[in-house]
Amino acid sequence: MPMSDTLAGAPPRAAIAIPELTAWQALRTNRNWLGFWFMLPAIAFLVLFLVYPLGLGMWLSFTDAKIGSAGKFVGLDNYEWIIGDSKFQGAVFNTLFYTFVASVIKFAVGLYLALLLNENMPFKALIRALILIPFIVPTVLSAIAFWWIYDPTFSIVSWSLRKMGWISGNINFLGDAWNSRWSVIFANVWRGVPFIAITLLAGLQTVSPSLYEAATLDGATRWQNFRHITYPLLTPIIAVVMTFSVLFTFTDFQLIKVLTNGGPAGATELMATMSYNTAILGGRIGEGAAISTAMVPFLLGAIMISWFGLQRRKWQSGENNE
C-alpha cells in the first residue's frame, strides 16, 4: 500500500494541549521583563533611601514641625520666611559662589592633570595613585587636616611665609570673611580634583592616537589638536563629570561643618549647613526642610543644563535621538 494512502486514511492526531500561563507566570518567564527584575533591587533601594526621604522632607517643609512635635500644615509660610530672611539670602550667595568658583578651578586643574598623565612620563602609575589620595581620604579627616593648616597660631602656611619674609604676622585664614571663603574653596578643590582628573584621563585614553597622528601630519599644533580633537571627543564625559562635581559641591556639608560651621558671621554658611543648623540644632524641622527643598531647583537646573548640552551635541553630530 502506498505511504500516501496510509497517511490519507489515518485519523488526525489530537492537538497537543498547551497550558495557559497566568499573568504572574507570564511576567516571570517573559524575557522583556528580565531587565525589570534585575533592576528591582536598585529601584527598591532608591525608593527607600531617596524618594521617600525627599517626599517626607518636602511634606515637612509645608508644616511647622519641630523636634518632638509633628506640627500642622502651614502652606507656604516657611518659604515666605526663608525668601525674606537675609541669612538665607547670604547662604544662597555663598553656595552659588562656592560652587561656581570651586567647580571652575577643579575642572581646569583636573583637565591639566589628565592631559599631563596621558603623556609618556616616568613613574606615571605611581603619580596616578598619589593623585587619588585626596579623594579616598574621608572628608572629615581632610577637614581636620586643613583646620590645623589654617590654625591662626600654628599654621604651617603662615610659618613658611614668615620664614621667607613675605608676611610679618600670621594669616587669619578662618577668622576673616573672604579669607575663610577662599580657604574652604581651596580645601574643596584639593578633595575634588582627583575625581575629575582620573575620569577625564579615562576618557582621554579612549581617543585613537591615529587622529593625532593624522592631524600632526597635516601640520596641526598641540593647541589645535586639543581644540579640534581632544575637547570635542571629551565633551560628553566633561558634561557628566562636571554635573556630578557641581552636585557634590553644591550639597557639600562635612567640609564646611568641620572647618567653619558657617562662620565667621555666616560668611561660609551654605544652604546645606543652614538647613542642618535650623532643623537639627535649632529644632525647627519645617523651616529646615524648606531650606533643603529650596536646593532642589538649583540641582535640577544643573542637571538640565548638562542634559540639554548633550542633546544639542548629538543633534550637531547628526545622531538620531529617536
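Please refer to the structure placed before this passage.
A quick note: this is a predicted structure, and the numbers were derived from the prediction, not measured.

Q: I'd like to hear about the overall build of the protein chain, residue by residue, with values.
A: The helix and strand inventory of the protein chain stands at 15 helices and 0 strands. Counting the 322 residues in the protein chain, one finds 33% classified as buried. Put simply, of all contacts in the protein chain between residues at least 6 apart along the chain, 66% involve residues at least 24 apart. Accessible area of the protein chain: about 20500 Å², with a carbon and sulfur share of 69%.

Q: Describe the pattern of salt bridges, with residues and values.
A: The final tally for this structure, using the stated rule, is 3 salt bridges. In this structure, Glu 119 and Arg 222 form a salt bridge, with 3.7 Å as the shortest nitrogen-oxygen distance. On the criterion of sequence distance, the pair formed by Glu 119 in the loop between α5 (86-117) and α6 (124-136) and Arg 222 in helix α11 (residues 222-250) is long-range, its members being 103 residues apart. Since its relative accessible area comes to 38%, Glu 119 is described here as partly exposed. Given a relative accessible area of 65%, Arg 222 falls into the exposed group. In this structure, Arg 284 and Glu 287 form a salt bridge, with 2.4 Å as the shortest nitrogen-oxygen distance. Residue Arg 284 is classed as partly exposed on the basis of its relative accessible area, which comes to 31%.

Q: Now, about a nonpolar patch on the surface: what can you tell me, with residues and values included?
A: A contiguous nonpolar surface patch, about 1100 Å² in accessible area, is contributed by Trp 33, Phe 36, Met 39, Leu 40, Ile 43, Phe 45, Leu 46, Val 47, Leu 48, Phe 49, Leu 50 and Val 51. Mapped onto the elements of the fold, Ile 43 is located in helix α3 (residues 34-60).

Q: Kindly report on the side chain of Ser 155, identifying the contributing residues and their values.
A: In this structure, Ser 155 sits in the loop between α7 (139-149) and α8 (156-163). What makes Ser 155 buried here is its relative accessible area of 1%. At a separation of 3.3 Å, a polar atom in the side chain of Ser 155 contacts the main-chain amide nitrogen of Val 157. A polar contact of 3.3 Å, which involves the side chain of Ser 155, links it to the backbone nitrogen of Ser 158.

Q: Mind laying out the packing of α6 against helix α9 (residues 177-204), listing which residues take part and the relevant values?
A: Each pair of packed helices gets described by two things: the angle between the helix axes and the distance between those axes. At a minimum axis distance of 6 Å, the contact between α6 and α9 shows a crossing angle of 135°. When the axes of α6 and α9 are compared, the pair comes out oblique. Crossing geometry of α6 relative to α9 is assigned as left-handed. Mapping the contact onto sequence places Arg 128, Ile 131, Leu 132, Pro 134 and Phe 135 in α6 and Trp 190, Arg 191, Pro 194, Phe 195, Ile 198 and Leu 201 in α9. Taken together, the residues of the contact of α6 with α9 break down into 9 nonpolar, no polar and 2 charged.

Q: Which residues make up α9, and what values do they have?
A: For α9, built from 28 residues, the straight-helix expectation of 40 Å at 1.5 Å per residue is met to within 8% by its first-to-last C-alpha distance of 39 Å. A maximum bend of about 35° is found in α9 at Gly 192, where proline Pro 194 lies one to four positions downstream. Where α9 begins, the capping side chain belongs to Asp 176, and its oxygen is found 3.3 Å from the backbone nitrogen of Trp 178.

Q: Outline the nonpolar core, supporting the account with residue identities and numerical values.
A: Core analysis: the biggest nonpolar cluster contains 33 residues, and Tyr 98, Tyr 150, Ile 185, Leu 200, Leu 255 and Leu 259 have the highest contact counts within it. For this core, the elements supplying multiple residues, two or more each, are α5, α7, α9, α11 and α12 (254-259). Considering each element in turn, this core owes the most residues, 10 residues, to α9. Residue contacts for Leu 200: discarding those within four places in its chain leaves Phe 107, Gly 110, Leu 111, Ala 114, Leu 234, Ile 237, Ile 238 and Val 241.

Q: Before we move on, could you go through the packing of aromatic side chains and cite the residues and values that matter?
A: If you walk through the whole model with that rule in mind, you get 19 aromatic pairs. Site record: aromatic cluster; members linked through ring pairs are Phe 146, Tyr 150, Phe 173, Phe 186 and Trp 190. Stacked on the ring of Trp 178, the Lys or Arg Arg 181 has its end atom at 4.5 Å from the ring centre.

Q: Can you lay out unusual backbone geometry for me, pointing to particular residues and giving the numbers?
A: Between Gly 263 and Pro 264 the backbone carries a cis peptide bond, its omega angle lying at -5°. Mapped onto the fold, Pro 264 is located in the loop between α12 and α13 (271-281). Residues other than glycine seldom take positive phi values, yet Asn 261 does so here, at roughly 55°. Note that Asn 261 resides in the loop between α12 and α13. Note on Asn 261: relative accessible area 37%, which makes it partly exposed. The phi angle at Ala 265 is positive, at roughly 55°, despite the residue not being glycine. Residue classification places Ala 265 among the exposed residues on the basis of a relative accessible area of 88%.

Q: Please give an account of the environment of Ala 294 that cites residues and values.
A: Tracing the backbone shows Ala 294 in the loop between α14 (285-293) and α15 (295-316). We classify Ala 294 as buried; its relative accessible area is 15%. Not counting chain neighbours up to four residues away, the residues in contact with Ala 294 comprise Ile 82, Phe 88 and Met 271.

Analysis parameters
Residues numbered from 1 in each chain as written. Predicted model: local features only at pLDDT ≥ 70, side-chain atom pairs only at ≥ 80, totals over all residues. Heavy atoms only, no water. Helix = DSSP H or I, 4+ residues; strand = E, 2+ residues; numbered from the N terminus. Buried < 20%, exposed > 50% of the residue type's maximum accessible area, 1.4 Å probe, protein only. Contact = heavy atoms within 4.5 Å. Areas by Shrake-Rupley, 256 points an atom, 1.4 Å probe, with all protein chains shown as cover. Salt bridge = Lys/Arg side-chain N within 4 Å of Asp/Glu carboxyl O. Patch = residues over 30% accessible without salt bridge, like charges linked within 9 Å, V, L, I, M, F, W, Y side chains within 5 Å. Polar contact = N/O pair within 3.5 Å; in protein donor to acceptor, adjacent residues only side chain to side chain. Axes fitted to C-alpha atoms, helices over the stretch in contact; angles between N-to-C directions. Parallel < 35°, antiparallel > 145°, perpendicular 65-115°, else oblique. Left-handed = near helix turned anticlockwise from the far one by under 90°. Nonpolar A, V, L, I, M, F, W, Y, C, P; charged D, E, K, R; others polar. Expected span 1.5 Å × (residues − 1). Bend = angle between axes of the 7 residues up to and from the residue. Core = buried A, V, L, I, M, F, W, Y, C linked by side-chain atoms within 4.5 Å. Phe/Tyr/Trp six-rings, centres within 6.5 Å; stacked < 30°, edge-to-face > 60°. Lys NZ or Arg CZ within 6 Å of the ring centre and 35° of its normal.

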